[in-house]
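Below are the chains, spelled out letter by letter.
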Amino acid sequence: MQNVKRLWGVIIVMAVCNLVLASLLITHIMNQSEPSHPADPEQQGGQTIEQVVAKIGSRAITRQELQTALERHYGAELLGQLLDREVIRLEGNETGTSIGDAEIARELKRMQQGYESEEQFYASMRSQLGLSQQEIKDDVTNKLLLEKLATSHIQITDAQVDSYIQAHPDEFKQESEYNIQQIIVSTKEQANKVIAALAKGESFEILARDRSLDDATNNSGGDLGWIEGDDPFVSAPVLEAAKLLKAGEVSKPVPLAQGFAIVKLKNKRDKANPDRTFIRENVRRELALQEAPPLKDYVSQLRTKWKVTIIDPQFK
């Protein structure tokens, strides 16, 4: 039940393309019911001139060509998503079910676990995925409403929550984070020379810049930033060496698959745990979802109830 930034990164990366394409198609549909504006095809000499959105040499790609391709390849899927969102909204209105600001804030807080701050989370979503804060909030609201509707008939007792927490202590234990620097060299002899230079008072940052083979970190003084103890993107020997150090200490040469590392622990801190109420509410929700029918099946039932009909055979 833990949510870390890598898991959410994978989930959102999978969803973002659909969201972007959906936005394009929604814009297209809305534009067809609005008066013409400068972005629409122009009339010239009685003929319609399509707006050009890109060129490859003399080859022009028009907006209509782009929209036709989007509808052909993604139209059925995206129409399905639009219909699903609408039946969820209708069911929420009919049953008086809504999502409050506190629920949205709690889910956003859960998504932000593994990030150093709320600002870093939103900056990462915008720079990597192009998602605005409002777009993330809208998606979270729709997801929470669907889950609440699907689990409305399920009651999870305090005893069930307690039992789960007691049976899965590793999910709720206090974890540590490590601020690590490293210098990667090809031989043990070179590693010993680095350690000798450090013993003489030379700067770890300068030695990393001048001698480290790791292009990703040498220009930043070998700094890996704050790393969780089980980070899969950091070499396990480096992590294990760092865990044995005190802040400010430097390791002996650490054998790697290719070469050797000299590891310095800049600092260590306990990772902040969510408050107890936050943990219990997340467990309660997850247990309810485990007892509920698959969400896909529930949405299918809502489509039947609200008499969803796809008219155009292209989108069936």
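Residues numbered from 1 in each chain as written. Predicted model: local features only at pLDDT ≥ 70, side-chain atom pairs only at ≥ 80, totals over all residues. Heavy atoms only, no water.

(A) The environment of Asn142, seen in detail. Note that Asn142 resides in helix H5 (residues 133-150). Of the residues examined, Asn142 reaches a relative accessible area of 18% and is grouped as buried. Residues Asn142 and Ser98, 44 residues apart in the sequence, show an inter-C-alpha distance of 9.9 Å. In contact with Asn142, other than residues within four places in its own chain, are Arg85 and Ile88. (Helix = DSSP H or I, 4+ residues; strand = E, 2+ residues; numbered from the N terminus. Buried < 20%, exposed > 50% of the residue type's maximum accessible area, 1.4 Å probe, protein only. Contact = heavy atoms within 4.5 Å.)

(B) Main features of the packing of aromatic side chains. Using the criterion set out here, one finds two aromatic pairs in the structure. A centroid spacing of 5.1 Å and a plane angle of 65 degrees characterise the contact between Phe121 and Tyr122, whose relative ring orientation is edge-to-face. The exposure class assigned to Phe121 is buried, which follows from its relative accessible area of 0%. Exposure remark for Tyr122: the relative accessible area of 12% places this residue in the buried category. With 6.5 Å between their ring centres and 80 degrees between their planes, Tyr164 and Phe172 make a pair best called edge-to-face. A residue is classified by how much of its surface remains accessible, and Tyr164, at 13% relative accessible area, is buried. Cation over ring: Lys109 sits above Phe278, and NZ or CZ is 4.9 Å from the ring centre. Directly above the aromatic system of Trp226 lies the positively charged group of Arg269, at a separation of 3.9 Å from the ring centroid. (Phe/Tyr/Trp six-rings, centres within 6.5 Å; stacked < 30°, edge-to-face > 60°. Lys NZ or Arg CZ within 6 Å of the ring centre and 35° of its normal.)

(C) Inspection of the nonpolar core at higher detail. Counting residues in hydrophobic clusters, the biggest one holds 22 residues, and the most contacted among them are Ile88, Leu108, Phe121, Ile136 and Val140. Breaking this core down by element, the ones donating at least two residues are helix H2 (63-95), helix H3 (101-111), helix H4 (118-129), H5 and helix H11 (295-305). The element contributing the most residues to this core is H5, with seven residues. Residue contacts for Ile136: discarding those within four places in its chain leaves Leu108, Met111, Phe121, Tyr122, Met125 and Leu131. Listed in part, the 14 residues of the second largest apolar core include Ile227, Val234, Ala241 and Ala261. (Core = buried A, V, L, I, M, F, W, Y, C linked by side-chain atoms within 4.5 Å.)

(D) Examining helix H6 (residues 158-167) more closely. Those residues of H6 that sit buried are Val161, Tyr164 and Ile165. Down the axis of H6, the smallest arc covering the buried residues is 95 degrees, so these residues share one side. Among the exposed residues of H6, those pointing more than 90 degrees away from its buried face are Ala159, Gln166 and Ala167. Buried residues in H6 make contact with helix H10 (276-291). (Arc of directions from axis to C-beta.)

(E) Geometry of the pairing of strand S8 (residues 260-270). Note: strand S5 (residues 176-185) against S8, 10 bridges, orientation antiparallel. Among the inter-strand pairings, Ile180 is bridged to a residue of S8, identified as Leu265. As judged from the two bridges shared by strand S7 (residues 254-255) and S8, these two strands associate in the antiparallel manner. Paired with Val254 across the strands is Ala261, a residue of S8. (Pairing = 2+ DSSP bridges.)

(F) Examining the sheet that holds S5 more closely. The sheet built from four strands is open, its strands ordered S6-S5-S8-S7 with antiparallel pairing. Each of the sheet's edge strands pairs with one partner strand only, and the pair in question is strand S6 (223-228) and S7. Sheet analysis places S5 next to S6, joined by five bridges and oriented antiparallel. Bridging from a neighbouring strand, Glu177 pairs with Glu228 of S6. Against the sheet, helix H7 (residues 188-199) touches S5 and S8, its axis set at about 50 degrees to S8. (Axes fitted to C-alpha atoms, helices over the stretch in contact; angles between N-to-C directions.)

(G) Representation of the pattern of salt bridges. Throughout the structure, instances matching the rule amount to 22 salt bridges. Between Glu86 and Arg89 there is a salt bridge whose closest N-O contact spans 2.5 Å. Of this pair, Glu86 and Arg89 both sit in helix H2, three residues apart, which is roughly one turn of that helix. A relative accessible area of 34% places Glu86 in the partly exposed class. By relative accessible area, which is 39% here, Arg89 ends up partly exposed. With a shortest N-O distance of 2.5 Å, Lys305 and Glu94 are connected by a salt bridge. Pair noted here: Lys305 is in helix H11 and Glu94 is in helix H2, with a separation of 211 residues, a long-range link. Under the relative-accessibility criterion, Lys305 is labelled partly exposed at 38%. Among the ionic contacts, a cluster of salt bridges with common partners joins Glu107, Arg110, Lys143, Glu147, Arg285 and Glu286. (Salt bridge = Lys/Arg side-chain N within 4 Å of Asp/Glu carboxyl O.)

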